[in-house]
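Architecture at a glance
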Amino acid sequence: MAEKQKVERQQPQQQFEAQDAFEERVIEIARVAKVVKGGRRFRFRVAVVVGDKKGTIGLGIGKANAVPDAMRKASERARKDLRSVHLAGTTIPHEALGKTAGAKVFLKPASAGTGVIAAGGVRAVLEVAGVRDILTKSMGSANVLNVVMATFDALDGLRSPALEAARRGKRADELVPFWERRKQHA
């Protein structure tokens with residue numbers, strides 16, 4: 001009986017440690033209003049992105065009357081909405097374009113040492129995903145939420161180099177970026 005209680009006590013700690021593996025970034029805190037008969041009712045909308053820096057990311061949006069409650073809701077939703085991203089070392093395997101509403105985000109792989117050339121929400125998403133070398137361009141709408149969702153769309157469109165090579169009937173080393181091919185031939 002005593003052993004069973006010890007096991008039950010250890011499980012919540014293990015779940016808490018598993019959640020700590022994710023880094024959390026607050027992307028936006030916005031005050032939103034609902035117009036009612038007596039005037040406006042204000043609430044807070046918080047957008048949070050979480051990731052393990054190994055290719056797993058999630059986006060969550062929470063609304064509440066107070067910012068801490070909205071952040072908690074957003075964090076919980078982001079952890080439920082996890083998805084994996086194909087990475088090629090410290091960059092992405094190929095170029096990708098993501099679109100959401102009026103926002104477009106273009107992602108382009110970069111050689112090692114370039115860094116994350118991005119701003120705002122795009123940078124936050126890429127850093128928690130574990131991308132360290134990338135070039136980006138945001139076009140169209142500057143709405144932070146739409147830009148972040150367009151970044152997720154672009155990352156969802158990435159394919160594994162091995163799977164893409166098999167689909168095309170080529171070897172995987174033929175699909176690596178040109179700076180990697182240059183190293184192989186030298």
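Remember, it's a predicted structure, so these values are computed and weren't measured experimentally.

Strands sit in the order β5-β6-β8-β7 across an open sheet of four strands; the sheet is mixed. Each of the sheet's edge strands pairs with one partner strand only, and the pair in question is β5 (96–100) and β7 (116–117). Where β7 lies against strand β8 (residues 134–140), two bridges are found, and the strand directions are parallel. In the sheet register, V116 faces β8, and the bridge partner there is I134.

Note on placement: P161 falls in helix α5 (residues 161–168). Sequence separation between P161 and L175 is 14 residues, and the spatial gap between their C-alpha atoms is 6.5 Å. Excluding its chain neighbours within four sequence positions, the residues that come into contact with P161 are P93 and L175.

Moving on, we come to the pairing of strand β2 (residues 39–51). Looking at chain direction, strand β1 (residues 23–36) and β2 are connected through 13 bridges and run antiparallel. Following the sheet pairing, V26 is matched in β2 by V48. Counted between consecutive antiparallel strands, the loop separating β1 from β2 contains two residues. Sheet analysis places β2 next to strand β3 (residues 56–64), joined by eight bridges and oriented antiparallel. Residue pairing in the sheet places V48 in a bridge with G60 of β3. Linkage of β2 to β3, two consecutive antiparallel strands, is achieved through a turn of four residues, within which K53 is found at a positive phi near 65 degrees.

What follows covers the packing of aromatic side chains. Scanning all chains against the criterion turns up zero aromatic pairs. The ring of F42 carries R31 above its face, with NZ or CZ at 3.9 Å from the centroid.

Reading the values: rules and limits
Residues numbered from 1 in each chain as written. Predicted model: local features only at pLDDT ≥ 70, side-chain atom pairs only at ≥ 80, totals over all residues. Heavy atoms only, no water. Pairing = 2+ DSSP bridges. Helix = DSSP H or I, 4+ residues; strand = E, 2+ residues; numbered from the N terminus. Contact = heavy atoms within 4.5 Å. Phe/Tyr/Trp six-rings, centres within 6.5 Å; stacked < 30°, edge-to-face > 60°. Lys NZ or Arg CZ within 6 Å of the ring centre and 35° of its normal.

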